[in-house]
Amino acid sequence: MFKWLGTNSNNAGKPAHAGAPMHPADIEGNERYYGLQNFGNTCYCNSVLQALYFCRPFRESILHFPALQSIAELLPSTFTSAGESGADPDSGSTSDTDESGGSKSPVVGSSSPNLLRRRTGSNNNVATAKNGKPVIQLPKGLRANAAITVTGNPDDTLLLHLKELYYQIAAQKKRTGVVGPKGFSDKVKKENILFRSTQQQDAHEFLNYMLNAIAELILAERKKNETDDEAAPSTLPAGKTWIHELFEGELATEIRCLTCESTTETRECFLDLSIDVEANSSIASCLWSYSQSEMLCHKDKFYCDTCAGLQEAERMMKIKKLPPVLALHLKRFKYMENQQKYVKLMHRVMFPTELRLFNPSNDTIDSTDQMYDLFAIVVHIGSSPNHGHYVALVRSYDRWLLFDDESVELVSEAHLAKYFGEPDADPPGSTAAGYLLFYQARDMLTAVRKRTMTVPLS
Ligand SMILES: [Zn+2]
């Protein structure tokens, strides 16, 4: 194994595991907690796959590919925030209004294989699963295959491999274990030259690549079905998918010319947000600095169209639209000119489990703050981007779990503080620091619906 390259021969870089090994009795709900085998420095991939598996709408949408068009088709219980108690999808006691039928019935919004299997050949809204618990049918048009085997299939795609992998986990009888994402990991290597080497790769690059690749595959599938009269037309704007519904936010860059005061605004969308890290800071302060103005002067002067010449200007970044799932990338790898290489910034950046952000889309009358709950963290351990190791911490039913390739452990919430970053760690060994943070809007369903409704249909 190359896992500890770059650190001492002992396990200096290993995360300080605080928890005991997983015991089935420790597990609530109907979740499966499966470690992922490492096929030689594939932990950058494993940690991101685990983080996204515990984003319920993401997981469910993958499992329901290709039937699902919009996130809004998923059961409301899918959107219950990871932090909320009573979110147990398998308790059968959650009473909610079924969106498709409008009837008040017990909702079981789990990704359990029962639910998936129940899809075929039944018209009843509520079916009864083997274990006697009621299972609600998914909204019309959602179909999922009972078994998925794509490995070795010439028509395989990255998305089908991901569906196969997630299904492999969700359909397990045992609550814990290990699966080997060989098919998925081989496909990633085949599709993208960036991930082909046996060196450690960047988890952020992988996340970005995967979200974009999935969105493209959904769009390709939609295009293929356009000629099919049976297929439901997409309710989303052209070029947008449920990936965008979940992760896409909008940024605006405002540049104000200091000579003529004219302002130019450019907008761009993001699926994840990269933020600079500062020593002894917090996520909130890093986000705040992000939107602080910056002077464009000297050799960085701005070409002003009104003045028709280079002028001093003020640049400001603003988050115009917050996404239901906010994926934050902490820019811990910085290129150092004098060293001619990327160096990891060990800055201590505190990330809270609850994040309150100003919601710019409501800034008129009832301006409200958007509450976010942390549900996953991808941690980088080691001193440089190409050497080191990644692990994921995820929240599931008010518990935190540490996924380190094959191993899964329960950890306490207090354990998270170990990943804020330790700039002066001595002896060197605590190089573990939060690298990707995944927050979900507390009222995610409302957030999703609001967006779907405000986006003009094309
Ligand atoms: Zn000007």
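Residues numbered from 1 in each chain as written. Predicted model: local features only at pLDDT ≥ 70, side-chain atom pairs only at ≥ 80, totals over all residues. Heavy atoms only, no water.

You'll find the chain entered in an unreviewed UniProt entry as Ubiquitin carboxyl-terminal hydrolase, with Allomyces macrogynus given as the organism. Of the chain, the UniProt comment under Catalytic activity (unreviewed entry) reads exactly: "Thiol-dependent hydrolysis of ester, thioester, amide, peptide and isopeptide bonds formed by the C-terminal Gly of ubiquitin (a 76-residue protein attached to proteins as an intracellular targeting signal)." (UniProt positions renumbered as here; feature names shortened; annotations may be inferred.)

Peer 1: What should I look at first to understand the overall build of the chain in this one?
Peer 2: Across its full length, the chain carries nine helices and 24 strands. Counting only residues that meet the buried cut, the chain has 52% of its 458 residues in that class. The long-range share in the chain, meaning contacts at least 24 apart out of those at least 6 apart in sequence, stands at 65%. (Helix = DSSP H or I, 4+ residues; strand = E, 2+ residues; numbered from the N terminus. Buried < 20%, exposed > 50% of the residue type's maximum accessible area, 1.4 Å probe, protein only. Contact = heavy atoms within 4.5 Å.)

Peer 1: What should I look at first to understand helix α5 (residues 182-191) in this one?
Peer 2: Because the α-helix completes a turn every 3.6 residues, residues three or four places apart line up on one side. Turning to α5, its buried residues are Gly-183, Phe-184, Ser-185, Lys-187, Val-188 and Lys-189. On its buried face, α5 is in contact with α1 (43-53), α4 (158-170) and α6 (203-225).

Peer 1: Quick question: what am I supposed to make of the sheet that holds strand β11 (residues 294-296) here?
Peer 2: Pairing between the strands of a sheet comes from backbone hydrogen bonds, and it takes one of two forms, parallel or antiparallel. If you trace the four strands from one edge of the open sheet to the other, you get β8-β7-β14-β11, paired in antiparallel fashion. The strands lining the two open edges of the sheet, one partner per strand, are β8 (263-270) and β11. The mean angle between the axes of side-by-side strands here comes to 30°, regardless of whether they run parallel or antiparallel. Bridge count between strand β7 (residues 249-257) and strand β14 (residues 313-321): eight bridges; the pairing is antiparallel. Looking across to β14, one finds that Ile-255 is bridged to Arg-315. (Pairing = 2+ DSSP bridges. Axes fitted to C-alpha atoms, helices over the stretch in contact; angles between N-to-C directions.)

Peer 1: Help me out: how do you make sense of the side chain of Thr-431 in this one?
Peer 2: Residue position: Thr-431 is located in the loop between β23 (407-411) and β24 (433-441). Those residues in contact with Thr-431, other than ones at most four positions away along the chain, are Lys-344, Met-346, His-380, Ile-381 and Gly-382.

Peer 1: What should I look at first to understand the nonpolar core in this one?
Peer 2: Where a protein is soluble and globular, its nonpolar side chains tend to be buried together. Among the nonpolar cores identified, the biggest contains 68 residues, and Phe-58 and Met-210 are the most heavily contacted of them. With ten residues, α6 is the largest single contributor of residues to this core. With 37 residues, the next largest nonpolar core counts Leu-251, Leu-326, Val-411 and Tyr-419 among its residues. (Core = buried A, V, L, I, M, F, W, Y, C linked by side-chain atoms within 4.5 Å.)

Peer 1: Looking at this structure, how should I read the coordination of the zinc ion?
Peer 2: Reference values for coordination geometry: four tetrahedral donors around a metal ideally subtend 109.5 degrees, six octahedral donors ideally subtend 90 or 180 degrees. Protein-derived ligands of the zinc ion are Cys-257 (SG), Cys-260 (SG), Cys-304 (SG) and Cys-307 (SG), with the metal-ligand distances lying across 2.2 to 2.4 Å. Written as a sequence motif, the donor arrangement for the zinc ion is C-x2-C-x43-C-x2-C. Residue Cys-260 is classed as partly exposed on the basis of its relative accessible area of 28%. (Donors = N, O, S within 2.8 Å, 3.2 Å for Na, K, Ca; no water.)

Peer 1: Explain the packing of aromatic side chains here, please?
Peer 2: Geometry of an aromatic ring pair is reported as the spacing of the ring centres plus the angle between the planes. Under the criterion given, the structure shown has 17 aromatic pairs. Judged by centre distance (6.1 Å) and plane angle (75°), the ring pair of Phe-58 and Phe-247 falls under edge-to-face. A residue pair is termed long-range when its members are at least 10 positions apart, and Phe-58 in helix α2 (residues 56-63) and Phe-247 in helix α7 (residues 242-247) qualify at 189 residues. A single burial state applies to Phe-58 and to Phe-247, both of which are buried. (Phe/Tyr/Trp six-rings, centres within 6.5 Å; stacked < 30°, edge-to-face > 60°.)

Peer 1: Teacher, can you tell me more about α4 here?
Peer 2: With 13 residues, α4 extends 18 Å from end C-alpha to end C-alpha; this agrees with the ideal 18 Å at 1.5 Å per step. Counting buried residues along α4, eleven of its 13 residues qualify, which places the element largely inside the surrounding structure. Taken together, the buried positions of α4 are Leu-158, Leu-159, His-161, Leu-162, Lys-163, Glu-164, Leu-165, Tyr-166, Tyr-167, Ile-169 and Ala-170. (Expected span 1.5 Å × (residues − 1).)

Peer 1: Hey, could you run me through the layout of surface pockets in this one?
Peer 2: In this approach a probe as big as a water molecule rolls over the atoms, and the regions it shows empty are the leftover space. Of the voids in this model, the second largest pocket is the one considered here, and its volume is about 360 Å³. The wall of the second largest pocket is formed by 14 residues, among which Leu-287, Ser-291, Ile-319, Phe-358 and Pro-360 lie closest to the centre. Secondary-structure elements contributing two or more residues to the lining of the second largest pocket are α8 (283-290), β14 and β19 (354-358). (1 Å grid on protein atoms, 1.4 Å probe; cavity = no way out; pocket = protein on both sides within 12 Å on 5 of 7 lines; lining within 4 Å. Points joined across faces, edges and corners; volume = space filled by probe spheres on them.)

Peer 1: When you look at the pairing of strand β15 (residues 325-331) in this model, what are you seeing that I'm missing?
Peer 2: Side-chain positions along a regular strand alternate between the two faces of the sheet. Of all the seven residues making up β15, six are buried; the element is thus mostly covered by neighbouring parts of the structure. The sheet contact formed by strand β9 (residues 273-276) and β15 spans four bridges and is parallel. From the neighbouring strand, Asp-276 faces β15, where its bridge partner is Lys-331. Of the strand pairs in this sheet, β15 and β24 are connected by five bridges, and their pairing is antiparallel. Looking at β24, one finds that Val-325 is bridged to Gln-440.

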